[in-house]
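Read off the chains here:
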Amino acid sequence: MSNTNDPKYVRDKVYTINVSDLIPNPQQPRQHFDEKEITALAESIENDGLLQNITFTRSDNQLIVISGERRLRACKLLEKSTIEGKYVVGDLRTLALIENIFRSDLTAVELSESVAALKDQKQCSNDEIAKTIGKAKSTTSEILSLVNLTEEIRQDARNRPEMTRERLLKIAKKDDANVQQEMYDKLCKTLETHTKTPKTPTSKPAGDSIKGNRFVTAHVSRINKLTEDLQTSSEKMLEKNKKPLTDEDIQLLTDAIDKMREVIERMRQQIVNGKE
């Protein structure tokens, strides 16, 4: 790998960089970083090493982090002196927005604000921005519609993963700010009721055991997201279906659920056997 003492950098080339030389991107749209996640990531890096390089660019004689600020913070926590990073070229804000959009852990509001900001930055149409982010036109329109939420709602929902696009869309379609707030408050109470459902005693140990394993954590997040999406889909289906379910409808749904239950049971057995 090359050393960054050389002032000339080659696009897409990986360099070993002094941690102290890197600074966060001032145009980074994401400002919230969970300290517990940083600590867990630091433990993962300590055990398994840095599995993915950061990316950086040079601007005004400074080395700016484009992607991987969490990884950089984790390395600082471990008091590491250097980190590997790939050099990229482009406008700071555009690079940061595009990098942010393709993050897997963005909340619905964060994604909406990032896509809207990129659209303004590039001064392009919805169709053009849909091609840029690789989303269908209808999906892109839904994503952008969330910027119609009031600032108060966006501020609260920005760091809440449970506030999905599907849940916020109905609220965003209302023009009246008071109506939006009433609907949002109702949604918050509904979700709060769900989260207060008693959990089994084994839930906490399972969560504690995955803190240091980023692969397990990522898979658990994926399972939780699928569970949430399935619940939302079921609620929407029942809400939009104006006719009573027929015996055939019920049979189709229960067959599908039974099949899913079988798959889940096989997964559980695989995990248990894998421990052995």
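What you are looking at is a predicted structure, and each value in this text was computed from that prediction instead of being measured.

A.B. asks: Break down the overall build of the chain for me, citing the residues and quoting the values.
C.D. replies: Counting its regular elements, the chain contains 12 helices and 6 strands. In the chain, buried positions account for 32% of the 276 residues. By element, 51% of the accessible surface of the chain is carried by carbon and sulfur atoms, the whole surface being about 18100 Å².

A.B. asks: Please give an account of the nonpolar core that cites residues and values.
C.D. replies: Soluble globular proteins: nonpolar side chains tend toward being buried together. By size, the foremost hydrophobic cluster in this structure holds 18 residues, and its most contacted members are Leu-22, Phe-56 and Ile-83. Contributing elements (two or more residues each) for this core: strand 2 (14–18), helix 1 (35–48), strand 4 (54–59), strand 5 (62–67), helix 2 (69–77) and strand 6 (82–87). Element by element, the count of residues in this core is highest for helix 1, at 4 residues. When sequence neighbours within four positions are dropped, the list of residues in contact with Leu-22 reads Ile-17, Ile-54, Phe-56, Leu-63, Val-65, Leu-72, Lys-76 and Ile-83.

A.B. asks: Report on helix 2, specifying residues and quantitative values.
C.D. replies: Those residues of helix 2 not exposed but buried are Glu-69, Arg-71, Leu-72, Ala-74 and Cys-75. The secondary structure elements touched by the buried residues of helix 2 are strand 3 (22–24), helix 1, strand 4, strand 5 and strand 6. Glu-79 sits one or two residues past helix 2 and shows a positive phi near 60°.

A.B. asks: Can you break down the pattern of salt bridges residue by residue, with the values?
C.D. replies: Between side chains of opposite charge, a pair can form as their charged atoms come close. What the rule picks out here adds up to 10 salt bridges. A salt bridge links Lys-137 to Asp-127, with the shortest nitrogen-to-oxygen separation between them at 3.8 Å. Highlighted residues: Lys-137 in helix 6 (residues 137–145) and Asp-127 in helix 5 (residues 126–133), separated in sequence by 10 residues. Accessibility expressed as a relative area gives 52% for Lys-137, which makes it exposed. By relative accessible area, Asp-127 is classed as partly exposed at 38%. One salt bridge connects Arg-160 with Asp-156, and the closest N-O pair in it is separated by 2.8 Å.

A.B. asks: Give me the lowdown on a nonpolar patch on the surface, citing residues and values where you can.
C.D. replies: Together, Met-237, Leu-238, Leu-245, Ile-250 and Leu-253 give the surface a local cluster of nonpolar side chains, amounting to about 390 Å² of exposed area. Those elements giving two or more residues to the nonpolar patch turn out to be helix 11 (214–240) and helix 12 (247–275). With respect to the helices, strands and loops of the structure, Leu-245 is situated in the loop between helix 11 and helix 12. By relative accessible area, Leu-245 is classed as partly exposed at 34%.

A.B. asks: Let's hear about unusual backbone geometry: which residues, and what values?
C.D. replies: The residue Asp-12 is not glycine, and still its phi comes out positive at about 70°. Summarising the element assignment, Asp-12 is placed in the loop between strand 1 (2–3) and strand 2. On the basis of relative accessible area, Asp-12 is assigned to the partly exposed category, the value being 48%. In this structure, Glu-79 takes a positive phi of about 60° despite not being glycine. Tracing the sequence through the fold places Glu-79 in the loop between helix 2 and strand 6.

A.B. asks: Describe the confidence of the model for the chain, with residues and values.
C.D. replies: Confidence along the chain averages 81 in pLDDT terms, with 80% of residues attaining 70 or more. Contacts for the low-pLDDT stretch residues 202–211, under 50 throughout, to residues beyond four places or in other chains number 5 contacts.

A.B. asks: So what's going on with the environment of Asn-159? Which residues, and what values?
C.D. replies: Of note, Asn-159 is situated in the loop between helix 7 (151–157) and helix 8 (165–172). In this structure Asn-159 comes out as partly exposed when scored by relative accessible area, which is 40%. Along the sequence, Asn-159 and Phe-33 sit 126 residues apart, while their C-alpha atoms lie 9.8 Å from each other.

A.B. asks: Requested: an account of the environment of Arg-154, with residues and values cited.
C.D. replies: Position of Arg-154 among the secondary structure elements: in helix 7. There is a polar contact of 3.0 Å between the side chain of Arg-154 and the side chain of Glu-113.

What counts, and where the lines are drawn
Residues numbered from 1 in each chain as written. Predicted model: local features only at pLDDT ≥ 70, side-chain atom pairs only at ≥ 80, totals over all residues. Heavy atoms only, no water. Helix = DSSP H or I, 4+ residues; strand = E, 2+ residues; numbered from the N terminus. Buried < 20%, exposed > 50% of the residue type's maximum accessible area, 1.4 Å probe, protein only. Areas by Shrake-Rupley, 256 points an atom, 1.4 Å probe, with all protein chains shown as cover. Core = buried A, V, L, I, M, F, W, Y, C linked by side-chain atoms within 4.5 Å. Contact = heavy atoms within 4.5 Å. Salt bridge = Lys/Arg side-chain N within 4 Å of Asp/Glu carboxyl O. Patch = residues over 30% accessible without salt bridge, like charges linked within 9 Å, V, L, I, M, F, W, Y side chains within 5 Å. pLDDT = per-residue confidence, 0-100. Polar contact = N/O pair within 3.5 Å; in protein donor to acceptor, adjacent residues only side chain to side chain.

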